[in-house]
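Breakdown of the fold
Given next are the chains, with one letter for each unit.
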Amino acid sequence: MHLRQMIDEDLVHAPGVWDGLTARLAEQAGFRALCASGFAVSASLGYPDAELYTMTENLDAVRRVREASRLPVVADIDTGYGNAVNASRTARRFADAGVQAVFMEDQLSPKRCPLTTGADVPLLETHEAAGKVRAVVDAARESAADAAQQMLVVARTDARGDDALRRMEAYVAAGADLVMPVTKTFTTVEEWRRCHETLGVPLMATLTASAWTEKALTPEVCREVGVRLALLPTQLLMSVTQAAQTTLTRLAKGEDPATVGADAMGHATFVDVIGTAEVDRLRDTYLPASV
């Protein structure tokens with residue numbers, strides 16, 4: 001089922017993933033969609049979320065996620081990696097890779113993660129940002145023969161309050177399927193409700209770890225205020241990083257590897273998780289029998 005149809009029917013949660021292993025784990029856990037989180041992709045390359053990687057590096061990560069899982073992917077395309085012309089090309093490349101939704105922000109490039117900077121981030125003028133949204137929408141439309149299979153375009157704003165509402169109105173007029181206030185855009189659930197009622201399109205929320213939206217936007221509240229797509233962009237990343245840091249620190253201090261790994265996933269379970277049985281089945285099906 002295409003993500004477009006899924007959000008028409010009900011709220012969809014998508015965890016943040018960054019490679020084939022995390023994509024497999026999310027699908028096996030029972031999620032219905034994935035988010036190729038820019039924050040996580042950047043972290044996997046050893047960088048903060050400051051648009052230090054290129055469009056191609058991001059696309060490569062998204063393709064690995066797509067290869068490992070059958071679930072629809074929501075991809076973070078940052079600022080589109082340039083002006084409206086660049087953003088159009090970016091959208092075509094991600095659509096060609098089979099991505100079912102992209103979200104793009106209205107910051108000046110290179111972007112800065114609003115959760116890691118205390119100050120407001122610099123934004124494009126509204127008309128220029130709306131032009132980029134229109135370019136991405138047109139590229140998505142041109143990349144799909146069937147409107148039902150067209151890649152969803154989510155317009156993100158890093159503005160706040162009434163300025164954010166005015167900006168999102170312009171993005172909806174430019175063709176955005178959904179809009180995405182960031183965690184700092186509003187401070188109450190009622191503002192989210194007002195946003196949906198004013199704009200008349202579904203909302204996408206980021207339930208970022210430790211942000212107020214993570215607690216306040218429960219599934220019931222999401223449905224009430226018009227959120228149809230809820231991202232969980234950092235929970236897995238933080239959990240994996242903490243576990244890896246703890247394990248490596250213990251090993252570096254000289255603890256017995258057998259003791260450190262006592263609570264870890266067993267080898268047999270792990271090779272099952274990564275699809276060894278399927279590779280064995282293909283080998284038995286297509287390779288000549290051993291003599």
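Structure: see above.
Residues numbered from 1 in each chain as written. Predicted model: local features only at pLDDT ≥ 70, side-chain atom pairs only at ≥ 80, totals over all residues. Heavy atoms only, no water.

Quick word on the overall build of the protein
- What the protein contains, in helices and strands, is 14 helices and 8 strands.
- A globule of 291 residues ought to have a C-alpha radius of gyration of about 19 Å, and the protein, at 20 Å, matches this closely.
- Counting only C-alpha atoms and orienting by the principal axes, one finds that the protein spans roughly 65 × 45 × 35 Å.
- The burial tally for the protein puts 47% of its 291 residues in the buried class.
- The long-range fraction of contacts in the protein, counting pairs at least 24 apart against all pairs at least 6 apart in sequence, stands at 71%.
- For the protein, the accessible area works out to roughly 14,200 Å², and carbon and sulfur atoms hold 53% of it.
- On the protein, the mean spot of the 29 positive side-chain charges and the mean spot of the 39 negative ones are 2 Å from each other. (Helix = DSSP H or I, 4+ residues; strand = E, 2+ residues; numbered from the N terminus. Rg over C-alpha atoms; globule rule 2.2 N^0.38 Å. Buried < 20%, exposed > 50% of the residue type's maximum accessible area, 1.4 Å probe, protein only. Contact = heavy atoms within 4.5 Å. Areas by Shrake-Rupley, 256 points an atom, 1.4 Å probe, with all protein chains shown as cover. Lys, Arg positive; Asp, Glu negative; His and termini not counted. Charge placed at Lys NZ, Arg CZ, Asp CG, Glu CD.)

Describing the pattern of salt bridges
- Throughout the structure, instances matching the rule amount to 17 salt bridges.
- When salt bridges with common partners are traced through the structure, they connect Asp 49, Asp 78, Glu 105, Lys 111, Arg 156 and Asp 158 into a single cluster. (Salt bridge = Lys/Arg side-chain N within 4 Å of Asp/Glu carboxyl O.)

Some words on helix H6 (residues 126-142)
- Over its 17 residues, H6 extends 24 Å from the first C-alpha to the last, a length consistent with the 24 Å expected when each residue adds 1.5 Å.
- The complete set of buried residues in H6 reads Ala 129, Ala 130, Gly 131, Lys 132, Val 133, Ala 135, Val 136, Val 137, Ala 139 and Ala 140. (Expected span 1.5 Å × (residues − 1).)

Examining the packing of aromatic side chains
- With the rule as written, the count across this model stands at 1 aromatic pair.
- Each ring, one from Phe 186 and one from Trp 192, has its centre 6.1 Å from the other, and the planes form 75°; the classification is edge-to-face.
- Owing to a relative accessible area of 3%, Phe 186 belongs among the buried residues under this scheme.
- The class of Trp 192 is buried, set by a relative accessible area of 1%. (Phe/Tyr/Trp six-rings, centres within 6.5 Å; stacked < 30°, edge-to-face > 60°.)

Here's the deal with unusual backbone geometry
- Pro 110 follows Ser 109 through a cis peptide bond whose omega is 0°.
- Structurally, Pro 110 is set in the loop between strand S4 (101-104) and H6.
- Of note, Glu 51 is a non-glycine position whose phi angle comes to about 55°, a positive value.
- Positionally, Glu 51 belongs in the loop between helix H3 (38-44) and helix H4 (55-68).
- A relative accessible area of 9% means that Glu 51 is categorised as buried.
- Of note in the backbone geometry, Tyr 81 takes a positive phi value of approximately 65° without being a glycine.

Regarding the packing of helix H5 (residues 84-96) against H6
- The contact between H5 and H6 brings their axes to 8 Å, and the two run at 30°. One finds that H5 runs roughly parallel with respect to H6. Considering only the axes of H5 and H6, their crossing is right-handed. Where H5 abuts H6, its residues Ala 84, Ala 87, Ser 88, Ala 91 and Arg 92 lie against Gly 131, Lys 132, Ala 135, Val 136 and Ala 139.
- Looking at the contact of H5 with H6 residue by residue, the classes come out as 6 nonpolar, 2 polar and 2 charged. (Axes fitted to C-alpha atoms, helices over the stretch in contact; angles between N-to-C directions. Parallel < 35°, antiparallel > 145°, perpendicular 65-115°, else oblique. Left-handed = near helix turned anticlockwise from the far one by under 90°. Nonpolar A, V, L, I, M, F, W, Y, C, P; charged D, E, K, R; others polar.)

Structural notes on the nonpolar core
- In this structure, Leu 34, Phe 94, Val 102, Val 133, Met 168, Trp 192 and Val 227 are the most contacted members of the largest nonpolar core, which totals 63 residues.
- Considering every element that reaches this core, the biggest residue donor is H6, with 7 residues.
- Discounting chain neighbours no more than four positions away, the residues touching Val 133 are Met 104, Ala 155, Tyr 171, Ala 174 and Ala 176. (Core = buried A, V, L, I, M, F, W, Y, C linked by side-chain atoms within 4.5 Å.)

What about the packing of helix H2 (residues 20-29) against H4?
- Put simply, H2 and H4 touch, their axes get as near as 8 Å, and they point 40° apart. One element, H2, and the other, H4, form an angle in the oblique class. The hand of the H2/H4 crossing is right-handed. Contacts between H2 and H4 involve Gly 20, Ala 23, Arg 24 and Glu 27 from the first element and Arg 64, Val 65 and Ala 68 from the second.
- Residues belonging to the contact of H2 with H4 are distributed by class as follows: 3 nonpolar, 1 polar and 3 charged.

Overview of H4
- Helix length check: H4, at 14 residues, gives a terminal C-alpha distance of 20 Å against a target of 20 Å (1.5 Å per residue), a fit within 8%.
- Within H4, burial applies to Met 55, Asn 58, Leu 59, Ala 61, Val 62 and Val 65. Buried residues in H4, looked at end-on, bunch into an arc of 160°, giving them a common side.
- Turning to H4, the residues buried within the fold contact strand S1 (12-17), H2, strand S2 (34-36), H3, strand S3 (73-76) and H5. (Arc of directions from axis to C-beta.)

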